[in-house]
Amino acid sequence: MPHPIIQRFALLLFAWALLGSSQATAQTQEDALSYADLLYTQKQYSLAAQQYQLFIRENPRSANVQAAWLRLGECYVQVGQTVDAQTTFRHIVETFKKGAFVGTAAYRIAVIQFNAKDYEAATGSFRTATFNLTDNEAKLQSRFYYGRSLQLTRNPKEALDQYQAVMKAAPPETNPFYERCLLETARLYFDMGETEKALEKFEELASSAKTQEFKEEALVRGGLLAAEAGKPDVSEEFLDQAMKFSDASPWKSLAQVGAVFNAFTRKDYDKVIQIYSLGGTYGAATDSRGKMLLVVGHSFRLKGDLANALKLYGLVEGKYPNLAEGAEAGYRKLQILHQQGATTLPIMAERFALKQKETDKDSKFIDMAYLMKAEWHFNQAETSASGPGSDYSNKQYSLAAGAYGAVRPQNIDEKFRSTRLYKQGWAQVEGDEKEKGISSLTKFIKSYPEDPLAASALAKRGTAYLQLNDHNNALGDFEKLVKDYPNASELEFSMQQVALLHGNKRDIPKMIAAYQALLKKFPETSGKGEAHYWIGAGNYDLEKYEVAVSELRLAREHDRENFGEKATLRLALAYYYLEKVPELAKEARFYIETTPLIGPLSDKKKRPDIPTQVIEYLGKKLYDAKDYAQADFFLSSTIDPEDASKTQGPVWKLVAECRMKSRKFQEAIVAFDNFLRQTQRPSERASAYLNRGKAQLCLRDFEAAQNSARESLRSQKEGRTNAESRILMGDVAAMKGDLEGAAREYLVVSQIFDDRDVTPIALTKAINAYLSLGKREKADELRNQLAKTYPDFKPSEKANTDC
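What you are looking at is a predicted structure, and each value in this text was computed from that prediction instead of being measured.

The next subject is the overall build of the protein. Secondary structure summary: the protein contains 42 helices and zero strands in total. A globule of 803 residues ought to have a C-alpha radius of gyration of about 28 Å, yet the protein, at 61 Å, is considerably larger. Each principal axis of the C-alpha distribution contributes one length, and for the protein these read about 215 × 50 × 45 Å. In the protein, which comprises 803 residues, the share counted as buried stands at 48%. Partitioning the intrachain contacts of the protein with sequence separation of at least 6 by distance along the chain shows that 49% fall at a separation of at least 24. Of note, the protein has its 108 positive side-chain charges centred 2 Å away from the centre of its 106 negative side-chain charges.

Take helix α8 (residues 136–152) next. Over its 17 residues, α8 extends 24 Å from the first C-alpha to the last, a length consistent with the 24 Å expected when each residue adds 1.5 Å. When α8 is considered as a whole, its buried residues turn out to be L140, S142, R143, F144, Y146, G147, R148, S149, L150 and Q151. Buried positions along α8 lie against α6 (100–115), α7 (119–132), α9 (156–169) and α10 (178–191). In the stretch just after α8, R154 is the one whose phi turns positive, near 60°.

For the rest of this paragraph, the subject is unusual backbone geometry. Its identity is not glycine, yet K117 carries a phi of approximately 65°, on the positive side. The phi angle at R700 is positive, at roughly 60°, despite the residue not being glycine. Mapped onto the fold, R700 is located in the loop between α36 (682–698) and α37 (702–715). R700 sits in the exposed class, given a relative accessible area of 51%.

Within the structure shown, the criterion is met by zero disulfides. Considering cysteine sulfurs only, C698 is the nearest to C658, which forms no disulfide, with 17 Å between them. Residue classification places C658 among the buried positions, given a relative accessible area of 0%.

If you check helix α16 (residues 289–302), its first and last C-alpha atoms are 20 Å apart, about what 14 residues at 1.5 Å a residue would give, namely 20 Å. With 12 of 14 residues buried, α16 is to be regarded as a mostly interior element. Those residues of α16 that fall on the buried side of the exposure criterion are R289, G290, M292, L293, L294, V295, V296, G297, H298, S299, F300 and R301. Elements in contact with the buried residues of α16: α14 (252–265), α15 (269–277), α17 (306–319) and α18 (324–340).

Here N175 lies in the loop between α9 and α10. Polar contacts involving the side chain of N175 include one to the main-chain amide nitrogen of F177, which spans 3.0 Å. Residues in contact with N175, not counting those within four places in the same chain, are L140, V166, M167 and A170.

The next point concerns the pattern of salt bridges. The final tally for this structure, using the stated rule, is 46 salt bridges. A salt bridge links K231 to E196; its shortest N-O distance comes to 3.5 Å. Remark: E196 occurs in helix α11 (residues 195–208) and K231 occurs in the loop between α12 (212–228) and α13 (232–242); sequence separation between them is 35 residues. Here E196 falls in the partly exposed class, since its relative accessible area comes to 46%. Connected via shared salt-bridge partners are R148, R180, E184, R187, E217 and R221.

Glancing now at the packing of aromatic side chains. As enumerated under the stated definition, the model contains 26 aromatic pairs in all. With a centroid separation of 5.6 Å and an interplanar angle of 55°, the aromatic rings of F264 and Y269 are classed as tilted. For Y269, a relative accessible area of 17% translates into the label buried. Consider the rings of Y545 and Y577, whose centres lie 5.1 Å apart with planes at 10°: the pair is stacked. Of this pair, Y545 sits in helix α29 (residues 545–558) while Y577 sits in helix α30 (residues 560–578), and the two are 32 residues apart along the sequence. Among the aromatic residues, ring-to-ring pairing joins Y107, F114, Y119, F126, F144, Y145, Y163 and F177 into one connected group. Across the ring face of F131, the terminal group of R143 is positioned such that the distance to the ring centre comes to 5.8 Å. Of note, R589 hangs over the ring of F633, and the distance from its end group to the ring centre comes to 3.7 Å.

Looking now at the side chain of T721. Topologically, T721 is positioned in helix α38 (residues 720–735). Not counting the four nearest positions on each side in its chain, T721 is found in contact with A686, S687, L690, S712 and Q716.

Remark: helix α22 (residues 414–430) packs on helix α24 (residues 454–467), axes separated minimally by 11 Å, with the N-to-C direction vectors making an angle of 20°. In terms of orientation, α22 and α24 fall into the roughly parallel class. The hand of the α22/α24 crossing is left-handed. Each of Y422, W426, V429 and E430 in α22 lies in contact with α24, whose residues at this interface are S456, A457, K460, A464 and Q467. A breakdown of the residues in the contact of α22 with α24 according to their chemical character gives five nonpolar, two polar and two charged.

A few words now on the packing of α15 against α16. Packed helix pairs are characterised by how far apart their axes lie and by the angle those axes make with each other. For the pair α15 and α16, the least separation of the axes is 9 Å and the interaxial angle reads 130°. If you check the angle between α15 and α16, you find them oblique. Seen along the crossing, α15 lies across α16 with a hand that is left-handed. Touching Y269, V272, I273 and Y276 of α15 are L293, V295, V296, S299, F300 and L302, all from α16. Classifying every residue of the contact of α15 with α16 gives nine nonpolar, one polar and no charged.

Attention now moves to the confidence of the model for the protein. On average, the protein scores 89 in pLDDT, and the residues at 70 or more come to 93%. Low pLDDT (under 50) marks residues 1–27, which in the prediction has 21 contacts with non-local residues, meaning those over four places away or in another chain. Contacts of residues 599–604 to residues separated by more than four positions or lying in other chains number one contact, the stretch itself having pLDDT below 50.

Next up on the list: the environment of G774. Mapping G774 onto the fold places it in the loop between α40 (758–773) and α41 (776–789). A sequence separation of 727 residues divides G774 from L47, and the C-alpha atoms of the two residues are 193 Å apart.

Topologically, P760 is positioned in helix α40. Expressed as a C-alpha distance, the spacing of P760 and G476, which sit 284 residues apart in the sequence, is 80 Å.

What follows is about the environment of R783. Within the secondary structure, R783 is located in helix α41. Judged by relative accessible area, which is 36%, R783 ranks as partly exposed. Measuring from C-alpha to C-alpha, the distance between R783 and R553 comes to 62 Å, with 230 residues separating the pair along the chain. What R783 contacts, discounting residues up to four positions off in sequence, is I767 and L771.

Rules used throughout
Residues numbered from 1 in each chain as written. Predicted model: local features only at pLDDT ≥ 70, side-chain atom pairs only at ≥ 80, totals over all residues. Heavy atoms only, no water. Helix = DSSP H or I, 4+ residues; strand = E, 2+ residues; numbered from the N terminus. Rg over C-alpha atoms; globule rule 2.2 N^0.38 Å. Buried < 20%, exposed > 50% of the residue type's maximum accessible area, 1.4 Å probe, protein only. Contact = heavy atoms within 4.5 Å. Lys, Arg positive; Asp, Glu negative; His and termini not counted. Charge placed at Lys NZ, Arg CZ, Asp CG, Glu CD. Expected span 1.5 Å × (residues − 1). Disulfide = S-S within 2.5 Å. Polar contact = N/O pair within 3.5 Å; in protein donor to acceptor, adjacent residues only side chain to side chain. Salt bridge = Lys/Arg side-chain N within 4 Å of Asp/Glu carboxyl O. Phe/Tyr/Trp six-rings, centres within 6.5 Å; stacked < 30°, edge-to-face > 60°. Lys NZ or Arg CZ within 6 Å of the ring centre and 35° of its normal. Axes fitted to C-alpha atoms, helices over the stretch in contact; angles between N-to-C directions. Parallel < 35°, antiparallel > 145°, perpendicular 65-115°, else oblique. Left-handed = near helix turned anticlockwise from the far one by under 90°. Nonpolar A, V, L, I, M, F, W, Y, C, P; charged D, E, K, R; others polar. pLDDT = per-residue confidence, 0-100.

Right under this line is the structure:
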């Protein structure tokens, strides 16, 4: 198929033939070309194109044919026939290969391609133009755009070569492309990451540029680059100039952003806030706005203005939810809430973490949010008003443990990792997940043996083992702490636990040694009373009673509240085995009088009793020592007043006798009655009835006394008790005024019973009765019998009833 241009030529020739070319003149070649040029200058581009085509057709070998082809292409450009124009210009390039017209045609093609953003094609065309153009100005312009095309097709090094060539081609004052090449060179160096070279070019342009637009960009970008390159003075100088730009300048807002960053870098937070407060778009058209607002928020926070910091962070988070700036802003909000101890922190942290997972599941802010949530719950548990072990505290520990567990250790700073694991274990133990807590603490101890919290972790794990009744592992942890961490704050506690655990295992010598080591290391330990008590108790168990006594006294002295009762009881028992009755009596009385009952009285439960055999032993010893009141006190302490049957008969008997000696007749009667309920032996019953009668007589209950005497006589038909019962019968009769009856009872005893203690008393009482009756003769007879039979008897000692 013929080329479109050739077709057009044929149509034109045909038209001229129809019109009859009779008027055509025989023009020369130059006249035809001149005519076409004239039409071109008069902007008759279509007619000019026809004439150029005619010239080319009729004069293909003319020296001016390249010029005709070029003007033809220009005509097509002017009338918007871009495709035809390119075809024409390409024909020149491909046909004639080189020369000024080839250079111009290539340039025209390149411009069309460049404007169409076909930079790859434009690169080749500008190259051809550059190496064929002869006019210096045109050549300079072509080389510049050749560089731009290389730049736009990502051939930075080749582009730099062309820009350098342009700048060397003519001095700045006569080179219209010098400033532009300098700007593009700076941009290229920046894009290539060569900050120093880029800064150098921007500095040169900032100081020499006559074009305001270029100067503004150079100042701003140079200022930003200077800050990045660690040249704050240069950055400050440039950005200060840029801050004076007109508000209409597209670079002023970016300059403000740069100034904000500079001020923040030098920690001039007041300056950051001042620049922000001036108002403006603050990089609204750049990707720096979010960063800048974030920096302003940081400045408010670091100045302590948390309210404004929260506002800025909220603005950034809301405007840039899916960018790194939005994520950091949300995290910083949580930091402030954490700092304020806000009750909303756990909910806000959870929401933040869930939102971040949707946009960036690997974000480290997620883990820091969970860490803050965990710390909040942990602090709530630690400071709970309800105290450790309360439901509230345990729940907070449990929530803390869960949040700590959600943290991915590799996503948090190294300085937080050990503490997180330690607190996770602690919270799990306190939150009733002791097995998990032990596992976490074990991992911590293995991973961070030199950590300042390692000793505390051992102590906590040991405590957890204790709570699980795993005493062997607990002992191992506490002993390791004592051995490996001699300066730990938990040392005292651990030494105490070692001693207690040895005691729990009944390894008495090791328990004693452990407590002695505790006292040596910590002479003023808060567990001083406990240590002395268990050293004393251990020596007691080893039957080293003298040593036990010394330690138990110290235990009571140092911690009466917790060990006073226990130490006193052990002291009493130690004195019992040492057979030191006065000391035993002192400690036993102190224990009984000062030790409270266990539980409410309605429980009918008493304090831990001193063993009955000890009290009975003490009572007997005191009775033998004629300390009847004390004997009664101790023996009575063993009695259950609501169930007399629980007290053995011999105790009742001894209590009754003590009370008789102490003239506590009514109480003695009660004791004799309880004794009589438990014994069936006639002799014991006779004696009890006798003594009960004596008590009743002293209380002037004559009838009761007489009945008791009769019961005694029925229980014992003969012997001393029988005789004393008859004397009692006489005493009752005498006190009732029946002296005759009394005399008979006394006389019977003197006649039927011979006893050096009893019979003289009976004779004496009979003598007194007869004298009271006025029967002196009978009285003298009995007096002579008394003197003859019992010459050593002294009536004043035993003749009267002891009431």
